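# Inside the fold
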Amino acid sequence: MKWQVCKDYDSISQKAAELIRDTLIDNNIRSVIGFATGSTPIGTYRKLIEMYESKECDFSNMISVNLDEYIGISQDDAQSYYHFMHENLFDHINIQEENIHLPKPDGNTKDYNAVLDTVGRRNIQILGIGNNGHIAFNEPNEYLNARTSIIDLDESTIQANARFFEKEEDVPKQAISMGIGDILNADLIILLISGKKKQQATQRLYHEKKITTRFPASLLFAHPNVVVLVDEDAFGTIAND
Ligand code: F6R
């Protein structure tokens, strides 16, 4: 796991977008990129849109797969991750609609695993991290799923996601999420971490020496090519610890 501590959110977003751009250029016939939702990757998506507008980046041969989706809301719902990805990225670049893949809110895990198998290994997987160490929606537990599964969201995740909803009771309680085996099926994993709220999770990941399903991000130690792009707010005082 390679750590790159960047000054601020803008710098981690720029670095992540450059890594994606360079991969798209190197694999211009076909690239597969795994995307995440949540607040953290929004800056990266803005940078990718700017790169598209300035003709630095062409998305016509990019295949996208997303990590997760809420269960029980429709794709047209403003809170769905389908909507999020279109609003924050896909509607502003030249990706082909048939190359866009997200798990469906009906919770059909079999179909999504088949999509992942067809699409194959990703060139890059973008990840964020939950305050409790979750990656995608793999919540701390005595076991973690290898493949796409339906997850009961942790109370802490429901509370964290409530900021996007009018009322906390509107936050879906379940999600469909790629499993750990699916997440690791990428040549490069970029973990984005930003903001003071993520200090605790960052410290734990930085100091953790073991792989434990009680801290799902530690499963990333099993992958040979993970880059953590973290801003100074999230990194905090680790360097002086
Ligand atoms: C989103 C996802 C989640 C988020 C995590 C951090 O697709 O899988 O694991 O990456 O909850 O969310 P933010 O970036 O909003 O802090």
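One structure accompanies this document, and this report is about it. (Residues numbered from 1 in each chain as written. Predicted model: local features only at pLDDT ≥ 70, side-chain atom pairs only at ≥ 80, totals over all residues. Heavy atoms only, no water.)

## Overview of the site of the ligand
Stated precisely, the cut-off is as follows: Only heavy atoms are used to decide nearness, and a residue is near a molecule or strand if one of them lies within 4 Å of it. Polar contact criterion, stated in full: a pair of N or O atoms within 3.5 Å, where within protein one must be able to donate a hydrogen and the other to accept it, and residues adjacent in sequence count only if both atoms are side-chain atoms. The Shrake-Rupley method, run with a 1.4 Å probe, gives the accessible areas here. Residue values count only the displayed protein chains as cover.
Residues in contact with the ligand amount to 14 residues; listed here are only the nearest, T40, D68, H134, A136 and K198. Between T37 and the ligand, the recorded distance is 2.8 Å, taken from a side-chain N or O atom to an oxygen atom. Note that an oxygen atom of the ligand is positioned 2.7 Å from one of the backbone N or O atoms of A136. In isolation the ligand exposes 410 Å². Once the protein is present, 92% of that is buried.

## Looking at the sheet that holds strand β5 (residues 100–101)
The criterion, for reference: Strands pair, by our definition, only if DSSP identifies at least two bridges between them. Strands here mean DSSP runs of E at least two residues long; helices mean DSSP runs of H or I at least four residues long; both are numbered from the N terminus.
Taken together, the 7 strands give an open sheet; going across it, the order is β1-β10-β9-β6-β2-β3-β5, and neighbouring strands pair in parallel fashion. The open sheet terminates on both sides in strands that have one partner only, identified here as β1 (2–6) and β5. One ladder, built from 5 bridges, connects strand β2 (residues 31–35) with strand β3 (residues 62–66); its direction is parallel. Paired with V32 across the bridge in β3 is I63.

## Quick look at the nonpolar core
Where we set the bar: Here, the term nonpolar core denotes a set of buried Ala, Val, Leu, Ile, Met, Phe, Trp, Tyr and Cys residues that are joined through side-chain atoms within 4.5 Å. With a 1.4 Å probe rolled over the protein chains alone, any residue whose accessible area is under 20% of its type maximum counts as buried; one over 50% counts as exposed, and the rest are partly exposed. Residue contacts are counted whenever heavy atoms from the two residues lie within 4.5 Å of one another.
Counting 75 residues, the largest nonpolar core has F35, Y45, L48, L89 and F90 as the members making the most contacts within it. A total of 7 residues in this core trace back to one element, the largest contributor, which is strand β9 (residues 186–193). Apart from the residues within four sequence positions on either side, Y45 is in contact with F35, A36, F84, M85, N88, L89 and I126.

## Section: helix α7 (residues 199–207)
As a reminder, the rule being used: Working note: the arc is built from the helix axis to C-beta atom directions.
Buried residues of α7: A201, T202 and L205, and no others. Down the axis of α7, the buried side of the element spans an arc of 100°, and every buried residue falls inside it. The inward-facing, buried residues of α7 contact β1, β9, β10 (226–231) and α8 (232–235).

## A closer look at the pattern of salt bridges
Where charged atoms from two side chains of opposite charge come close, those side chains can pair. Defined as follows: Whenever Lys or Arg places a side-chain nitrogen within 4 Å of a carboxyl oxygen from Asp or Glu, that contact is recorded as a salt bridge.
The full count for this structure, using the stated rule, is 8 salt bridges. Each of R21, D22 and E56 takes part in salt bridges that share partners, so that together they form one network.

## A few points about the sheet that holds strand β4 (residues 68–70)
Backbone-to-backbone hydrogen bonds pair the strands of a sheet. The strands run either parallel or antiparallel. What counts is decided by this rule: Here an axis means a line fitted to C-alpha atoms, over the contact stretch when the element is a helix, while the angle between two N-to-C directions is reported on a 0 to 180 degree scale.
Ordered by their spatial adjacency, 3 strands build an open sheet running β4-β8-β7, and the pairing between neighbours is antiparallel. Two strands in the sheet have a free side with no partner beyond their single neighbour: β4 and β7 (149–152). The average undirected angle you get between the axes of adjacent strands in this sheet is 30°. Strand direction decides the pairing type here: β7 and strand β8 (residues 174–177), joined by 4 bridges, are antiparallel. Bridge pairing in β8 places I150 opposite I176.

## Quick look at the packing of aromatic side chains
Condition: Whether two aromatic rings pair depends on their centres lying within 6.5 Å, for rings of Phe, Tyr and Trp, where Trp uses its six-membered ring; planes under 30 degrees apart make the pair stacked, over 60 edge-to-face, and the rest tilted.
Per the counting criterion, the structure on display carries 10 aromatic pairs. Aromatic side chains F35 and F90 sit 6.0 Å apart centroid to centroid with 75° between the ring planes, which places their arrangement in the edge-to-face category. Residue F35 is found in strand β2, and its partner F90 is found in the loop between α3 (81–88) and β5; the two are separated by 55 residues along the sequence. Of the two residues, F35 and F90, both sit in the buried class. Note on Y206 and F235: the rings are 5.4 Å apart at their centroids and 90° apart in plane angle, and the pair reads as edge-to-face. Separated by 29 residues along the polypeptide, Y206 in helix α7 and F235 in helix α8 bring together distant segments of the chain. Take F235: its relative accessible area is 8%, and that puts it in the buried class. One aromatic cluster is present, built from ring pairs that chain together Y70, Y81, F137 and F165.

## With respect to the packing of helix α1 (residues 9–26) against helix α2 (residues 42–53)
In plain terms, the rule: When an angle is under 35 degrees it counts as roughly parallel; over 145 it counts as roughly antiparallel; between 65 and 115 it counts as roughly perpendicular; any other value is oblique. For any helix crossing, the convention is left-handed if the near helix is rotated counterclockwise from the far helix by under a right angle, and right-handed if that rotation is clockwise. Just so you know the grouping, Ala, Val, Leu, Ile, Met, Phe, Trp, Tyr, Cys and Pro go in nonpolar, Asp, Glu, Lys and Arg go in charged, and all remaining residues, Gly too, go in polar.
Orientation of α1 relative to α2, taken along the N-to-C sense of each, is 55°, at an axis distance of 8 Å. By the angle between their directions, the pair α1 and α2 is classed as oblique. Where α1 crosses over α2, the handedness of that crossing is right-handed. Every residue of α2 that contacts α1 at Y9, D10, S13, Q14, A16, A17, E18, I20 and R21 is listed here: I42, G43, T44, K47, L48 and M51. Of the residues belonging to the contact of α1 with α2, the class tally is 7 nonpolar, 4 polar and 4 charged.

## Digging into the packing of α2 against α3
The geometry of a pair of packed helices is captured by two quantities: the angle between their axes and the separation between those axes. Running from N to C, α2 and α3 point in directions that differ by 40°, and their axes come no closer than 10 Å. Accordingly, the angle class assigned to the pair α2 and α3 is oblique. Contacts from I42, Y45 and I49 in α2 reach F84, M85 and N88 in α3. Of the residues assigned to the contact of α2 with α3, the class counts are 5 nonpolar, 1 polar and no charged.

Worth remembering: the numbers are spatial, not functional.
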